[in-house]
Amino acid sequence: MLSVTGVSKTFPGVRALSSVDFTARTGEVHALIGENGAGKSTLIKVLTGVYRPDEGQVTYDGSPVRFATPLEAQHAGISTIYQEVNLVPLMTVARNLLLGREPRNRLGLIDFRRMHRTADEALRGLGIRVDVRRPLRELGVGAQQMVALARAVSVDARVVVMDEPTSSLEPREVRTLFEVIRTLRERGIAVIYVSHRLDELYEICDTVTVLRDGKVVHTGRIADLDRLRLVSLMLGREIGVVRDEGLTKFTGSHDTAVEPVLQAEELTVRHLLDGVSVAVRPGEVVGLGGLLGSGRTETAKAIAGALRTDSGRVVVAGTTVRTGSTPAAIRAGISLLPEDRKAEGVLPGLSVRENIALAALPGLSRFGLVDEARIDRIVDTFMTRLRIKAAGPHQKVGELSGGNQQKVLLARWLAMHPKVLLLDEPTRGIDVGAKAEVQKLIDELADDGLGVLLISSDTEELIEGSDRVVVLKDGAVVAELTGDAVTEDRLMRAIATAPSASTAAGGPDD
Amino acid sequence: MTADVESPVHTVSTPEEEALGAGRSERLSALAQQHGALVTLVVAVIAASLSFDTFLTGDNLENMALSSAFLAVVALGMTFVIVTGGIDLSVGSLFALGGVLAAWGSRYGTVVALLLPLAVCGLIGLVNGLLIARSRLAPFIVTLASMLGARGILLSLTDEGSTTYLVDKDSFFATLGQSTVLGIGAPVWITVALFVLGAVVLRRTRFGQYVYAVGGNEDAAALMGAPVARTKISVYTLSGLCAGFAGALNAAWLVSGVTILGTGMELDAISAVVIGGTLLTGGFGFLSGSLVGVLLLKVIQNVINQIGSLDSAYQQVVSGAFLAVVVIAQTWLGRRRRVL
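Parameters at a glance
Residues numbered from 1 in each chain as written. Chains lettered and ligands numbered in written order. Predicted model: local features only at pLDDT ≥ 70, side-chain atom pairs only at ≥ 80, totals over all residues. Helix = DSSP H or I, 4+ residues; strand = E, 2+ residues; numbered from the N terminus. Buried ≥ 20, exposed ≤ 12 C-beta atoms within 10 Å, placed from the backbone. Contact = placed C-beta atoms within 7 Å. Pairing = 2+ DSSP bridges. Axes fitted to C-alpha atoms, helices over the stretch in contact; angles between N-to-C directions. UniProt positions renumbered as here; feature names shortened; annotations may be inferred. pLDDT = per-residue confidence, 0-100. Core = buried A, V, L, I, M, F, W, Y, C linked by C-beta atoms within 7 Å. Parallel < 35°, antiparallel > 145°, perpendicular 65-115°, else oblique. Nonpolar A, V, L, I, M, F, W, Y, C, P; charged D, E, K, R; others polar. Expected span 1.5 Å × (residues − 1). Bend = angle between axes of the 7 residues up to and from the residue. Arc of directions from axis to C-beta. Left-handed = near helix turned anticlockwise from the far one by under 90°.

Colleague: Mind showing me how you'd approach the overall build of chain A here?
Modeller: Within chain A one finds 20 helices and 22 strands. Taken across its 510 residues, chain A has 52% of its residues classed as buried.

Set out below in structure tokens:
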């Protein structure tokens, strides 16, 4: 249906794709995987008309094509769902769903009744019921993703490209998504599926293509490829090594007898948090468990001063920190690695060096003048220690892969010598290899005496990585797992059976 | 999973979303943002008519309506531009240029008097749009350049401003500016008609949807297949056309092409649009608000004129302070709604 042969694409300093062959067939779900920076995103953009290849040929429906814009590709029947929801938050659900394809009456004016009906039907067809007249931003991320999906399939798509569609979905939503994908396959649509979650690939995909460093290293039926082999192909290392790496888990046994370095007490934010208390000791990794929207991110933000609290106290090493102020929190030694790298963390237009030095600048300058040599030393140290893959300290961060961007952010905060590190989804959207590295790094940092608060939707990561897990639900703490109780089973149980904190959900006291 | 049972409607809603419920306070903020200007206008009118006997007289109202009409037409085009997240500083100069061109052209008949300013100002708007959309230059700089350029063209046409072209008082073109229908000046009717037309275009056409989409999230709009460049070019052209037409209409009313007009008018237009609830960051706004914004500015101006003891220079201080208050209120409301 859609294929490329011998496609190459070069960006300044990086050869993103070199002589790539790839074929998506009708009625087949094709997994496209690889580490960050392997060239998946670039390949997708070539397929969907965002980039034009430097060399090679794109063939669609048997004839060579050259899409000038995403619009041309869409008209030809190629739809894409991107990793980050790419819709217009201020517009209503229906307008987003039907932008450019609005039903019109005889005068050429938009027929809103028909538009709302069409949008509603399209969403119901996917098992989603929302008020399509509401602005999109009022929906949760998962629901927004489903709107994007509905948009992609509601055009007469013959090829649907999904770039990590599940990264912000609840398990329940993932099941809905898979049902939709199966329907698409039955309808004879070619699906290209990009994901880092191996379980998903094996569940839903028929064939797999593995990219590494811009080249195809394997393509074939996914059933014929066992997981270990798949991982080793992605990483480009021998199986023995991978097994070793794969088992490099956090030790999960940090000292717990000392005074907490961070004590957050009774943090309350209207509608979001209801008396959340968390304590982290030096050298301890405390996990925050719970479903999407349970208040994990909000807790981290409240502690870091990025979210104004209505009441509650944050104490670092015995000193109370003024809440609602990021500078105060940073001075006290709290560093937050935010969930959304793109919007809240990296400055893509600035270099690796500038991004790392940014937060530490005040401490690195004398009489208002920046000590360049010291910055160079610090940047060098962290680039080596965190194994940041970049052309050099002066490459723009926007050009790096997700995993490396994350490492740059981590370096930025480590340069501040924090006492407490808050990590919100530190491994989301980064590949297996980088993930293991980041996990190992977290463990090392805790060993060095740092208090770490870890948020992760990956329950395995959370369980393996944390000494204790504080479980949140509806903005309140419902359980704390310690010692032997830190298991996936207990976590699920805590989330599932905890009495629904209806007081928190209802917008209580006032 | 009690929470799910409680609200089976939102199949994919998160607990966080459920905690927010219908977001009543958010809805209230939205309402305030949409109708705040209108409420303020009503209050201002009531206060003014109670304070000054001369406020609610036919003459005074007609004067206000007429002087609002020209600014309103400029604000109409500006609304489209600001909803795309852009800005157009050239409209004041284009307004003046349009007036001079119309007055000069009126000797060749009404058609020339109307088409000439539309053609020239539309063309300048088109060039603005091309530079902004195709060459990806900042709207601020591009329209600042054409603001200066258009003023220059105007000066060369009028011998450094010393020549004022007059419109024949008996021509149809002059009638267009001066006649009244049902006691209300023709420019007011034309303005109202343009706003109705504009509102239909913005709310009910595909082009209008693209305008919102481009302002709301340009990258997403492009990925969704919206013609981003064409939309931008269109709004700047439209803004140029509106400014030129407003100038022509003004010339017909004054029966001459006054060269000193339009200075600072771009800022009045921007103020009116923002006061009317349109987000300066783009993606949200509506024409009725801009119209209310224009009226509000004119009412304030009128009230200050009525207070004989107050220097008319204070008018700008009050307008400025008022704008600041509006922007603060908007930002606050926007944050409540988590828009900004």
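Colleague: What's the story with the overall build of chain B in this structure? I'm lost.
Modeller: Scanning chain B from N- to C-terminus turns up 15 helices and two strands. Of the contacts made within chain B by residues no fewer than 6 positions apart, 77% connect residues no fewer than 24 positions apart.

Colleague: I keep staring at the sheet that holds strand β11 (residues 262-269) of chain A and nothing clicks. Help me out?
Modeller: Backbone hydrogen bonds are what pair the strands of a sheet, in a parallel or an antiparallel way. Residue and element names in this part refer to chain A. Pairing within the open sheet is antiparallel, and its four strands lie in the order β12-β11-β14-β15. Two strands bound the open sheet, and with one partner strand each, they are β12 (273-280) and β15 (319-321). The mean inter-strand angle of the sheet, taken between neighbouring strand axes irrespective of direction, is 25°. The sheet contact formed by strand β14 (residues 311-316) and β15 spans three bridges and is antiparallel. Following the sheet pairing, valine 314 is matched in β15 by valine 321.

Colleague: Explanation requested: the UniProt feature "transmembrane region" (unreviewed entry) in chain B in the structure shown.
Modeller: All names here are of chain B. According to UniProt, the positions carrying the feature "transmembrane region" (unreviewed entry) are residues 37-57, 69-102, 108-130, 137-157, 177-202, 233-253, 273-297 and 317-334. Summarising residues 69-102: 79% helix, 0% strand, and an end-to-end C-alpha distance of 17 Å. As annotated, residues 177-202 has a helix share of 73% and a strand share of 15%, and its two end C-alpha atoms lie 27 Å apart.

Colleague: Please explain the confidence of the model for chain B as it appears in this structure.
Modeller: Caution applies to low-pLDDT regions: their predicted coordinates should not be interpreted in detail. All names here are of chain B. With 88% of its residues at a pLDDT of 70 or more, chain B has an overall mean of 81. By mean pLDDT, helix α1 (residues 2-6) is the weakest element of chain B at 36, and helix α12 (residues 228-254) is the strongest at 92. Every residue in residues 1-22 is under pLDDT 50, and counting partners more than four places away or in other chains gives 46 contacts. Our summary of model confidence lists the complex with pTM equal to 0.66 and ipTM equal to 0.74.

Colleague: Whenever I open this one, the sheet that holds strand β10 (residues 215-221) of chain A confuses me. Can you help?
Modeller: All names here are of chain A. Reading across the sheet, the six strands line up as β6-β7-β8-β3-β9-β10 and stay open at both edges, with mixed pairing between neighbours. Edge strands, defined here as strands with exactly one partner in the open sheet, are β6 (78-81) and β10. Taking each pair of neighbouring strands and ignoring which way they run, the sheet shows an average axis angle of 15°. Relative to the sheet, helix α5 (residues 141-154) contacts β6 and β7 (159-163), its axis offset from that of β6 by approximately 175°. Sheet strands in contact with helix α6 (residues 171-186) are β3 (29-34), β7 and β8 (190-194), and its direction is about 145° off that of β8.

Colleague: Which parts of the structure should I look at to understand the nonpolar core?
Modeller: Soluble, globular proteins show a tendency: their nonpolar side chains are buried together. If you look at the biggest cluster of nonpolar residues, it comprises 169 residues, and the most contacted ones within it are A:Val159, B:Val73 and B:Val74. Ranked by size, the runner-up nonpolar core spans 72 residues in total, among them A:Val269, A:Leu414, A:Ala415 and A:Leu491.

Colleague: Got a minute to help me understand the packing of α5(A) against α6(A) in this structure?
Modeller: Between two packed helices, both the angle of their axes relative to each other and the distance between the axes serve to describe the pair. Residues and elements named next belong to chain A. Two elements in contact, α5 and α6, have axes separated by 11 Å at closest approach and are oriented at 5°. On the basis of the axis angle, α5 is roughly parallel to α6. Contacts between α5 and α6 involve Gly142, Met146, Leu149 and Val153 from the first element and Glu173, Leu177, Val180 and Leu184 from the second. Residues of the contact of α5 with α6, tallied by class, amount to six nonpolar, one polar and one charged.

Colleague: Help me understand the pairing of strand β4 (residues 55-60) of chain A, please; the structure alone is not making it clear to me.
Modeller: Taken residue by residue, a regular strand's side chains alternate between the two faces of the sheet. Residues and elements named next belong to chain A. The pairing of strand β1 (residues 2-11) with β4 spans five bridges and is classified as antiparallel. Among the inter-strand pairings, threonine 5 is bridged to a residue of β4, identified as glutamine 57. The pairing of β4 with strand β5 (residues 63-65) spans three bridges and is classified as antiparallel. Bridging across to β5, tyrosine 60 finds its partner in serine 63. A loop of two residues connects β4 with β5, the two strands running antiparallel in sequence, and aspartate 61 in this loop sits at a positive phi of about 55°.

Colleague: Could you clarify how one ought to interpret helix α4 (residues 58-83) of chain B in this entry?
Modeller: Three or four residues apart is the spacing at which side chains of an α-helix point the same way, because the helix has 3.6 residues per turn. Residues and elements named next belong to chain B. For α4, with 26 residues, the first-to-last C-alpha span of 35 Å sits near the 38 Å given by 1.5 Å per residue. Taking the largest bend as the criterion, α4 deviates by roughly 30°, centred on alanine 69. Count one or two residues on from α4 and you reach glycine 85, which has phi positive near 90°.

Colleague: Can you walk me through the environment of A:Gly6 in this structure?
Modeller: All names here are of chain A. Tracing the chain through its elements places glycine 6 in strand β1. The exposure class of glycine 6 is partly exposed, given the 13 C-beta atoms found within 10 Å. Those residues in contact with glycine 6 that lie beyond four places of it in its chain are Ser19, Asp21, Glu55, Gly56 and Gln57.

Colleague: How should the confidence of the model for chain A be read in this particular structure?
Modeller: Residues and elements named next belong to chain A. Per-residue confidence for chain A gives a mean pLDDT of 79; residues scoring 70 or more make up 85%. Mean pLDDT across the secondary structure elements of chain A bottoms out at helix α20 (residues 502-505), with 38, and peaks at strand β20 (residues 451-455), with 90. Scored below 50 in pLDDT, residues 498-510 makes 27 contacts in the model with residues more than four places away or belonging to other chains.

Colleague: When you look at helix α9 (residues 186-204) of chain B in this model, what are you seeing that I'm missing?
Modeller: All names here are of chain B. Along its 19 residues, α9 runs 27 Å from first to last C-alpha, staying within 8% of the 27 Å computed at 1.5 Å per residue. When α9 is considered as a whole, its buried residues turn out to be Pro187, Thr191, Leu194, Gly198 and Leu202. Buried residues of α9, seen end-on, are gathered within an arc of 65° and therefore sit on one face of the element. Away from its buried face, by an angle of more than 90 degrees, α9 presents the exposed residues Ala193, Val196 and Leu197. At its buried positions, α9 is contacted by α4, α8 (172-178), β2 (184-185), α10 (206-216), α12 and α14 (287-306).

Colleague: Just checking my understanding: could you explain the packing of helix α5 (residues 91-105) of chain B against helix α6 (residues 110-133) of chain B for this structure?
Modeller: Residue and element names in this part refer to chain B. Two numbers describe how α5 lies on α6: the axes approach to 7 Å, and their chain directions differ by 150°. By the angle between their axes, α5 is roughly antiparallel relative to α6. Note that α5 runs across α6; the crossing there is right-handed. Listed contacts from α6 to Leu94, Leu97, Gly98, Leu101, Ala102 and Gly105 of α5 are Val112, Ala113, Leu114, Leu116, Pro117, Val120, Cys121 and Ile124.

Colleague: How do you make sense of the environment of A:Ala436 when you look at a structure like this?
Modeller: Inspection of the secondary structure assignment puts A:Ala436 in helix α17 (residues 432-447). A:Ala436 gets classed as partly exposed once you count the C-beta atoms within 10 Å, which come to 19.

Colleague: Honestly, unusual backbone geometry in this entry has me stumped. Any pointers?
Modeller: Only a minority of non-glycine residues have a phi that is not negative, and only a minority of peptide bonds are not trans. We note that A:Glu425 has phi near 50°; this positive angle belongs to a residue other than glycine. Among the structural elements, A:Glu425 can be located in the loop between β19 (420-424) and α17. Judged by C-beta crowding, with 24 C-beta atoms within 10 Å, A:Glu425 ranks as buried. Even without being a glycine, B:Arg136 presents a positive backbone phi close to 55°. Tracing the chain through its elements places B:Arg136 in the loop between α6 and α7 (139-157).

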